[in-house]
Amino acid sequence: MIRVAICDDHQIVRAGFKQIFSSSGDDFTVVAEGATGREALDIARREICDVLLLDIAMPDQSGIDILRTIRQGQPNLPVLILSGYPAQQYALNLFKMGANGYLNKECEADELKTAVKTVFQGRRYVSSTVGELLAQSFDRDPNTALHTELSDREFQVFLRLAKGATVSDIGVALSLSIKTVSTYRTRIMEKMGLQSNSDLTYYAMKNNLLD
């Protein structure tokens, strides 16, 4: 039996996923639920589940930050990302950061169960949509979104800059020096060919990367 933890800030979503798992016989059991990033991290640290389902948009911190923290403390815990965003917006960056799978919340019940079983077995779950994105990234498609070229830490900093956070704010939130954050900002600007924070914000809004 696979022990599953569901971390999503919407109670109705958690209830829907619980129903899917409870109707699957003895294959799955839901052992914990979390509605905030703090609760998700607590569940991961207690090591009570075999697979953690994590929403990318949590109320107190982003799923991106949560995933990075989990990877630092529990590197072997399978984390399956749940998102309402299209795969091309976040999937590649999240795989770079150590996600074991990426699913849109509108997926079919059978796909959800297959994804959980796949990551539980130590493999990554890649949907057909994400597979196409990965293939494009290998071919270095010139139409590939600029933000997918960022490292995991650069992507974290990028999102915070795009939301209007200052360099000092980001340093405090991510436990980095102001100089280090400034260096990341410079790299981001160079990789994306942008000139200012307002350019970052515009890009993020245009690509639906802001909550």
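Computed from a predicted structure; not experimentally measured. Each residue is numbered by its place in its chain's sequence as written, counting from 1. Selection of residues for local features in this predicted model requires a pLDDT of at least 70, selection of side-chain atom pairs for listing and counting requires 80 or more, and totals for whole chains, interfaces and linings are taken over all residues. The side-chain values count all of the structure's non-hydrogen atoms but skip hydrogen atoms and water molecules.

Draft legend 1. Geometry of the overall build of the chain. Where helices and strands are cited, they refer to DSSP runs of H or I of at least four residues and of E of at least two residues respectively, numbered from the N terminus. In terms of regular secondary structure, the chain is built from 10 helices and 5 strands. Our radius of gyration is a C-alpha quantity, and the globule rule it is checked against amounts to 2.2 Å times the number of residues to the power 0.38. Taken over C-alpha atoms, the radius of gyration comes to 17 Å for the chain, in line with the 17 Å a tight globule of 211 residues would show. Taking the principal axes of the C-alpha coordinates as reference, the chain spans close to 55 × 35 × 30 Å. Out of the 211 residues belonging to the chain, those deemed buried represent 47%. Every residue pair with non-hydrogen atoms within 4.5 Å of one another is taken to be in contact. Put simply, of all contacts in the chain between residues at least 6 apart along the chain, 63% involve residues at least 24 apart. Per-residue and other accessible areas follow the Shrake-Rupley method at a 1.4 Å probe size, with only the shown protein chains counted as cover for residues. Surface accessibility of the chain: about 10,400 Å² in total, with carbon and sulfur atoms responsible for 47%. The positive count covers Lys and Arg only, the negative count covers Asp and Glu only, and His and the chain ends enter neither. A charge is said to be at NZ when it belongs to Lys, at CZ for Arg, at CG for Asp and at CD for Glu. Taken together, the 23 basic and 26 acidic charged side chains of the chain have centroids lying 6 Å from each other. Burial status follows relative accessibility: with a 1.4 Å probe on protein chains alone, a residue under 20% of its type maximum counts as buried, one over 50% as exposed, and anything between as partly exposed.

Draft legend 2. Seen up close, helix H3 (residues 63-73). Across the 11 residues of H3, 8 count as buried, placing the element largely inside the fold. The set of residues buried in H3 consists of Gly 63, Ile 64, Asp 65, Ile 66, Leu 67, Arg 68, Ile 70 and Arg 71.

Draft legend 3. A look at the packing of helix H7 (residues 152-162) against helix H10 (residues 197-206). For the pair H7 and H10, the least separation of the axes is 8 Å and the interaxial angle reads 100 degrees. Judged by the inter-axis angle, H7 sits roughly perpendicular to H10. Between H7 and H10, the contacting residues are Phe 158, Leu 161 and Ala 162 on the first element and Asn 197, Leu 200, Thr 201, Tyr 203 and Ala 204 on the second. Per-class residue counts for the contact of H7 with H10 are 6 nonpolar, 2 polar and no charged. An axis is simply a line fitted to the C-alpha atoms; with a helix, the fit covers only the stretch in contact. Between two such axes, the angle follows the N-to-C directions and lies from 0 to 180 degrees. Roughly parallel refers to an angle under 35 degrees, roughly antiparallel to one over 145, roughly perpendicular to one between 65 and 115, and oblique to any angle outside these ranges. Under the scheme applied, nonpolar residues are Ala, Val, Leu, Ile, Met, Phe, Trp, Tyr, Cys and Pro; charged residues are Asp, Glu, Lys and Arg; polar residues are all the others, including Gly.

Draft legend 4. Focus on the packing of aromatic side chains. Stacked, edge-to-face and tilted are the three classes for Phe, Tyr and Trp ring pairs, Trp counted by its six-membered ring, which pair at centre distances within 6.5 Å; planes under 30 degrees apart are stacked, over 60 edge-to-face, the rest tilted. Going through the model one piece at a time under the given rule, you end up with 3 aromatic pairs. A centroid spacing of 5.1 Å and a plane angle of 50 degrees characterise the contact between Phe 21 and Phe 28, whose relative ring orientation is tilted. Phe 28 sits in the buried class, given a relative accessible area of 4%. Here the aromatic rings of Phe 155 and Phe 158 are separated by 6.1 Å at their centres, their planes lie at 25 degrees, and the arrangement is stacked. One end of the pair, Phe 155, and the other, Phe 158, are both in helix H7, 3 residues apart, so they sit about a helical turn from each other. Across this residue pair, the class does not change: Phe 155 and Phe 158 are buried.

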